[in-house]
Amino acid sequence: MYIPINCLTHGSPLQSQTTPEALAKFCKEKGVSVALTDHNLFMCVQYYESMLAEGFKPMLGITLKIYGGEEESYAIILAKNEKGWKELLKLVYEANQDFKNEARLEVFKLIQLISNNLILIVSDFLDIFERMLPAAYYGLDLIQAERKVTSLKTVATPPNHYLTEKDWLLNKYLKCNYYKVSMKNATQQIFKDNRFFIPSEGQLLEWGYSQEEIDNSVEIYEQIENYNIIYKQELPHFECPNNINEDDYLRQLCREGFKSKGIGGEVYIDRIKHELGVIKSAGMSGYFLIMQDIMKWCKDNEILCGVGRGSAAGCLISYLVGITNVDPIKYNLLFERFYSAERKGLPDVDLDFPPSKRENIIEYIQTKYGVDKFAQLSTFTTLKGPAAIKAVLRSRDVEAAEQNHITKKMPPEGKIAPFLQKQYNEVGSKSMVLWCINHIEEFKQWCSPTYEGMYAAEFQAAIELDQTITGRGRHASAYALANEPIYNKAPLIWDESADRFVVGVNMDDAEKLGLVKLDLLGIDLLDKADLIRKVVKNGNF
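Below: a short report on this structure.

Each value, and the rule that gives it
Along every chain, residues carry numbers that run from 1 in the direction the sequence is written. Selection of residues for local features in this predicted model requires a pLDDT of at least 70, selection of side-chain atom pairs for listing and counting requires 80 or more, and totals for whole chains, interfaces and linings are taken over all residues. Side-chain figures throughout are based on the complete set of non-hydrogen atoms in the structure, without hydrogens or water. Each helix is a run of H or I in the DSSP string that is no shorter than four residues. Each strand is a run of E no shorter than two, and both are numbered from the N terminus. A 1.4 Å probe rolled over the protein chains alone gives each residue an accessible area, and that area as a share of the maximum for its type sets the label: buried under 20%, exposed over 50%, partly exposed in between. Pairs of residues are marked as contacts when any of their non-hydrogen atoms sit within 4.5 Å. In these tables, accessible area is a Shrake-Rupley quantity obtained with a 1.4 Å probe, and a residue counts as shielded only by the protein chains included in the view. Residues counted as positive are Lys and Arg, residues counted as negative are Asp and Glu, and His and the chain ends are not counted. By convention, charge coordinates are those of NZ in Lys, CZ in Arg, CG in Asp, or CD in Glu. Think of each axis as a best-fit line through the C-alpha atoms, taken over the contacting stretch in the case of a helix, with angles from 0 to 180 degrees between the N-to-C directions. We call two directions roughly parallel when the angle between them is under 35 degrees, roughly antiparallel when it is over 145, roughly perpendicular when it lies between 65 and 115, and oblique otherwise. The working definition used for a salt bridge is a side-chain nitrogen of Lys or Arg within 4 Å of a carboxyl oxygen of Asp or Glu. A pair of strands counts as paired when DSSP detects no fewer than two bridges linking them. The arc refers to the directions leading from the helix axis to the C-beta atoms. Note on definitions: the grid is 1 Å and covers protein atoms alone; a cavity is a set of points where a 1.4 Å probe fits but cannot get out; a pocket is an open set with protein on both sides within 12 Å along at least five of seven lines; lining residues have an atom within 4 Å of a point. Grid points are joined across faces, edges and corners, and a volume is the space filled by probe spheres set on the points. Here the nonpolar group is Ala, Val, Leu, Ile, Met, Phe, Trp, Tyr, Cys and Pro; Asp, Glu, Lys and Arg are the charged ones; every other residue, Gly included, is treated as polar. Here the expected length of a helix is defined as 1.5 Å per residue gap, with one fewer gap than residues. In this analysis, rings of Phe, Tyr and Trp, with Trp reduced to its six-membered ring, are considered paired at centre separations within 6.5 Å, and the interplanar angle assigns stacked below 30 degrees, edge-to-face beyond 60, and tilted for intermediate values.

With respect to the overall build of the protein chain
Part 1 of the argument: Helices and strands together make up the secondary structure of the protein chain, namely 20 helices and 12 strands.
Part 2 of the argument: Each principal axis of the C-alpha atoms in the protein chain carries an extent, and together these give about 80 × 65 × 50 Å.
Part 3 of the argument: Within the protein chain, buried positions represent 53% of all 541 residues.
Part 4 of the argument: Sequence-distant contacts in the protein chain: of pairs separated by 6 or more residues, those separated by 24 or more amount to 70%.
Part 5 of the argument: Carbon and sulfur atoms form 49% of the exposed surface of the protein chain, whose accessible area is close to 24700 Å².
Part 6 of the argument: Across the protein chain, 62 positive and 73 negative side-chain charges occur, with their mean positions spaced 6 Å apart.

Regarding the packing of helix H6 (residues 168-179) against helix H14 (residues 386-395)
Part 1 of the argument: Contact pair H6 / H14: the axes reach a minimum separation of 9 Å and the direction vectors enclose 85 degrees. Considering the angle they form, H6 stands roughly perpendicular to H14. Residues Tyr173, Cys176 and Asn177 of H6 touch H14, and the partners they reach there are Ala391, Val392, Arg394 and Ser395.

Notes on the pattern of salt bridges
Part 1 of the argument: Per the counting criterion, the structure on display carries 27 salt bridges.
Part 2 of the argument: Across the salt bridge formed by aspartate 530 and lysine 534, the nearest N and O atoms sit 3.3 Å from each other. Taken as a pair, aspartate 530 and lysine 534 lie in helix H20 (residues 524-538) at a separation of four residues, close to a single helical turn.
Part 3 of the argument: On the basis of relative accessibility, which here comes to 4%, the residue aspartate 530 falls in the buried class.
Part 4 of the argument: Since its relative accessible area comes to 37%, lysine 534 is described here as partly exposed.
Part 5 of the argument: Salt bridges sharing common partners tie together Lys65, Glu72 and Arg104.

Remarks on the sheet that holds strand E3 (residues 104-106)
Part 1 of the argument: Strand order in the open sheet formed by six strands is E3-E1-E2-E4-E5-E6, with mixed pairing between adjacent strands. Looking at the sheet topology across the chains shown, the edges are occupied by E3 and strand E6 (153-156). Strand-to-strand twist of the sheet, defined as the mean angle between neighbouring strand axes without regard to direction, takes the value 40 degrees.
Part 2 of the argument: Both strand E2 (residues 71-79) and strand E4 (residues 118-122) contribute to a ladder of five bridges, which runs antiparallel. Along E4, the bridge assignment pairs alanine 75 with valine 122.

So, helix H1 (residues 20-30)
Part 1 of the argument: When we look at burial in H1, the residues that qualify are Pro20, Leu23, Ala24, Phe26 and Cys27. One side of H1 carries all its buried residues, which in axial view fall inside an arc of 155 degrees. When the buried face of H1 is taken as reference, the exposed residues oriented beyond 90 degrees from it are Lys25, Lys28 and Glu29.
Part 2 of the argument: Residues of H1 that are buried sit in contact with helix H2 (44-53).
Part 3 of the argument: Just downstream of H1 lies glycine 31, where phi reads positive at about 75 degrees.

Quick look at empty space enclosed by the protein
Part 1 of the argument: Scanning all chains against the criterion turns up one cavity of 30 Å³ or more.
Part 2 of the argument: Volume-wise, the largest cavity comes out at about 40 Å³.
Part 3 of the argument: If you trace the largest cavity, you find it lined by Asp247, Leu250, Arg251, Leu276, Ile279, Lys280 and Ser285.
Part 4 of the argument: Breaking the lining of the largest cavity down by element, the ones donating at least two residues are helix H9 (246-261) and helix H10 (266-281).
Part 5 of the argument: In terms of residue class, the lining of the largest cavity is made up of three nonpolar, one polar and three charged.

A closer look at helix H11 (residues 285-300)
Every α-helix winds through 3.6 residues per turn, so residues three or four apart in the chain are directed the same way.
Part 1 of the argument: The end-to-end C-alpha distance of H11, which contains 16 residues, comes to 22 Å, matching closely the 22 Å that a straight helix rising 1.5 Å per residue would cover.
Part 2 of the argument: Across the 16 residues that make up H11, a large majority, 12, are buried.
Part 3 of the argument: Among the residues of H11, Ser285, Gly286, Tyr287, Phe288, Leu289, Ile290, Met291, Gln292, Asp293, Ile294, Met295 and Cys298 are the ones counted as buried.
Part 4 of the argument: Directly after H11, the chain includes glutamate 302, whose backbone phi takes a positive value near 55 degrees.

Points about the pairing of strand E10 (residues 492-495)
Within a regular beta strand, the side chains point alternately toward one face of the sheet and then the other, so they alternate between its two faces.
Part 1 of the argument: Of the two faces of E10, the one carrying Leu492 and Trp494 and the one carrying Ile493 and Asp495 are both buried.
Part 2 of the argument: Relative to strand E11 (residues 500-503), E10 runs antiparallel, the two being bridged by four bridges. Of the residues in E11, the one forming a bridge with leucine 492 is valine 503.

Observations regarding the sheet that holds E10
The pairing of strands in a sheet happens through backbone hydrogen bonds and is either parallel or antiparallel.
Part 1 of the argument: If you walk across this open sheet you meet the six strands as E7-E12-E9-E8-E11-E10, and the pairing is mixed. Looking at which strands have only one partner, the edges of the open sheet turn out to be strand E7 (350-353) and E10. Strand-to-strand, the axes of this sheet are offset by a mean angle of 50 degrees, without reference to chain direction.
Part 2 of the argument: As paired elements, strand E9 (residues 469-481) and strand E12 (residues 516-522) share four bridges and run antiparallel to each other. Bridge pairing in E12 links leucine 481 to valine 516.

Digging into the packing of aromatic side chains
Part 1 of the argument: On inspection of all chains with the given rule, the structure shows 17 aromatic pairs.
Part 2 of the argument: On the numbers, 5.3 Å between centres and 90 degrees between planes, the contact of phenylalanine 443 with tryptophan 446 is edge-to-face.
Part 3 of the argument: Ring centres 5.1 Å apart and planes at 85 degrees place the aromatic pair tryptophan 494 and phenylalanine 501 in the edge-to-face group. Per residue, the accessibility class of tryptophan 494 equals that of phenylalanine 501, and both read buried.
Part 4 of the argument: Site record: aromatic cluster; members linked through ring pairs are Tyr93, Tyr487, Trp494 and Phe501.

Spelled out as structure tokens, the structure:
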């Protein structure tokens, strides 16, 4: 048996088109597990959940650049257990600390960070590891390198950038965009060698691997335990005055809110008793205290805030403690639209601030709870619609003018969103390209519904590459807060444009890892309103 342990997903942007879900389904078809070893941990949650859903033990790891002097290489690091997972997160954090433009570790520092809870697979610096970490494995890649003599145990690690041989062409389209070349002038090995798929044991033997080197992959798999990375969201402790507990302090703030706003009566009392009961049972008093504290700091520092948006306006607690400025009783707004006892997880409260003041607010939160406990979340760009078409046509040297002529015929995604959802329900794809060839007559000259036309093959490739990740960015408004350093729960990576660490997963995955999402929205209108307020206040008009 062979267990692939050098596998990329589209979490390594433009290196692979494989989604975690597709990888897990491949495992089910072949009856073997496959490790996740992207160059980051972007897909850790989606891979973990997908593998469990198909009945397989996840093998979470990363491919990390290591260096010694002028030499550079790559190492695969796998987490054996839950403690190893946390150590892997810390290792990723350390790798981003040293070289913020590209995560990597000096070889001796890597050795210091490797414990018995991690499995290390290296391909270079073998003499160093033989002396200092003989438990490491030598990862043999006969596709891109020759066999080396070493006393380390050798394991077969051919790189897997796509699932099967037939996926090679799609992968080449991605690689063209990665290397910024076209199919005609590409010289990299990936364009000439169709062995970057997940091979069978028999194929490995044909390629020159020994049975022992193949079997050692199973040995590694057997060292990995079933462990959990999904946790309940936990908030940092909110320090209440006079050692009052969070539930009582929130109740006290509500009483003060009734007085300051001059409201009361049976309807209000019944409503607040109900809301406080629900919030206490859900253990969420601290969440409201944190949110009101942020708003209070803003108001104390004369930062103009929004009055409240969305379902949060239906919460009387939010109104009384100053999170919102909308009376839900007066406007007959329902608390159940905001939160109910049956709901899992924390509610969403969007806080609106002037963009010019958001950095001040971030600094306040980091000062209060710790720089390492608060960070912006990531978002991911994907190939879809016009971007997918252009990525493929560009690889075929199609002129930019022709690409633009085609993509301008595509309607805005929002305009056809209901139809894309209907298409997804029927055929499992939200591809705009697929919708266009089925519903826009002019597209038939390029690709018909039966895949005929001058760009039929390219359009089909664009459909198959739909939703493939092409890059990572920062979410415009979503941040994560934790009760301990974030790198103990989720991957933290350096964002060069922001000049700070950000959480290396999307907001949904961050919540599953146990982080609390805060939405701090920068609203341009608030900056303008604040300017007008100051002009009027100072009489400068």
